[in-house]
Amino acid sequence: MTKIKLLIADDHTMFLQGIISLLEQETNINIVDKAVNGIEALEIIKKSAIDLIILDISMPEMDGIELSKILKKQHPQIKILILSTHSNAMIISRLIRIGVNGYLLKNAEKEELLKAINTIASGENYFAEELEEKHFTNSSRIEKQSSHITELSSREKEILVLIAQEYNTAEIAEKTFISLNTVNTHRRNLLSKLNAKNTAGLVKYAVENGLVD
């Protein structure tokens, strides 16, 4: 029987050891190594064959989101299972867009963790039921909002991206070669078209619709 070659990345030592103790007796799983951050995980991947990585989102030096993006570009054969305390729908949506293969909360039972590992290893995705419900509810709302994006001009989209990247009005005017008044007009139009109350709402829209990371 071919074993699933597993890497676990989490900066909480006790949790990391707990996951290892839960899985090391499983006959179809080979825990190749462990890492405490994304950089360490990448170093391990360079010298070891890995089928699936279980990783946390919040890690020092390189977090799980950044690591997932790199893995999907440089090591697309490696499956990714997120195991996190975060249940925020925006975070989940972002990771799904990146292409992670599964997402569980850290309070999941051992049986569900094993089910997720085996499901992902077989080529399918696995998301905890409560997270799927939250994600699809959020996705429906996002899809509805996304219809607004076709109403934006190319200039408005450009300015929206710059706003989301934290450029101020003067910097946007300089980069786009338009006046401060024109930038402010575009900002007002964006707020109106996207039903946003403030700049934070514009940034949120840009992130949810994949205009910026």
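Residues numbered from 1 in each chain as written. Predicted model: local features only at pLDDT ≥ 70, side-chain atom pairs only at ≥ 80, totals over all residues. Heavy atoms only, no water.

1. Some points on the overall build of the chain
When helices and strands are tallied, the chain shows ten helices and six strands. Out of the 213 residues in the chain, the part that is buried amounts to 45%. In the chain, the share of contacts with a sequence separation of at least 24, taken over all contacts with a separation of at least 6, comes to 63%. For the chain, the accessible area works out to roughly 11,300 Å², and carbon and sulfur atoms hold 49% of it. (Helix = DSSP H or I, 4+ residues; strand = E, 2+ residues; numbered from the N terminus. Buried < 20%, exposed > 50% of the residue type's maximum accessible area, 1.4 Å probe, protein only. Contact = heavy atoms within 4.5 Å. Areas by Shrake-Rupley, 256 points an atom, 1.4 Å probe, with all protein chains shown as cover.)

2. A few points about unusual backbone geometry
The phi angle at Glu 61 is positive, at roughly 70°, despite the residue not being glycine. Relative to the assigned elements, Glu 61 resides in the loop between strand S3 (52–55) and helix H3 (64–74). Looking at Glu 61, the relative accessible area reads 66%, which means it is exposed. Phi is positive for Phe 177, close to 60°, though the residue is something other than glycine.

3. Here's the deal with the pattern of salt bridges
All told, the structure shown has eight salt bridges when counted by the stated rule. Close ionic contact of Lys 5 with Asp 51 constitutes a salt bridge, the shortest N to O distance being 3.4 Å. One end of the pair, Lys 5, is in strand S1 (residues 4–9); the other, Asp 51, is in the loop between helix H2 (38–47) and S3, and 46 residues separate them in sequence. Each member of the salt-bridge network shares a partner with another, and the members are Asp 10, Asp 56 and Lys 106. (Salt bridge = Lys/Arg side-chain N within 4 Å of Asp/Glu carboxyl O.)

4. Describing empty space enclosed by the protein
Empty space among the atoms becomes apparent when a probe as large as a water molecule is rolled across them. If you walk through the whole model with that rule in mind, you get one cavity of 30 Å³ or more. When its volume is computed, the largest cavity comes out at roughly 30 Å³. Around the largest cavity, the lining residues are Ile 8, Ala 9, Asp 10, Phe 15, Ile 19, Ile 54, Leu 55, Asp 56 and Leu 83. Listed by contribution, the elements that provide at least two residues to the lining of the largest cavity are S1, helix H1 (13–23) and S3. Of the residues assigned to the lining of the largest cavity, the class counts are seven nonpolar, no polar and two charged. (1 Å grid on protein atoms, 1.4 Å probe; cavity = no way out; pocket = protein on both sides within 12 Å on 5 of 7 lines; lining within 4 Å. Points joined across faces, edges and corners; volume = space filled by probe spheres on them. Nonpolar A, V, L, I, M, F, W, Y, C, P; charged D, E, K, R; others polar.)

5. Here we look at the environment of Ile 92
Residue position: Ile 92 is located in helix H4 (residues 89–98). Separated by eleven residues in sequence, Ile 92 and Tyr 103 have C-alpha atoms that sit 7.9 Å apart.

6. A look at the sheet that holds strand S6 (residues 126–127)
Taking strand neighbours across the sheet as the criterion, the six strands line up as S2-S1-S3-S4-S5-S6 in an open arrangement whose pairing is parallel. Two strands in the sheet have a free side with no partner beyond their single neighbour: strand S2 (29–35) and S6. Relative to S2, S1 runs parallel, the two sharing six bridges. Looking at the pairing, Lys 5 lines up with Asn 30 of S2. Sitting on the sheet, H1 touches S1, S2, S3 and strand S4 (79–84), and the angle it makes with S2 is about 170°. (Pairing = 2+ DSSP bridges. Axes fitted to C-alpha atoms, helices over the stretch in contact; angles between N-to-C directions.)

7. What to know about the pairing of S3
Across the two faces of S3 the burial is the same, with Leu 52 and Ile 54 and Ile 53 and Leu 55 all buried. Two elements, S1 and S3, share four bridges in a ladder whose sense is parallel. Following the sheet pairing, Ile 8 is matched in S3 by Ile 54. With four bridges joining them, S3 and S4 adopt parallel strand pairing. When the bridges of S4 are listed, Ile 53 appears paired with Ile 80.

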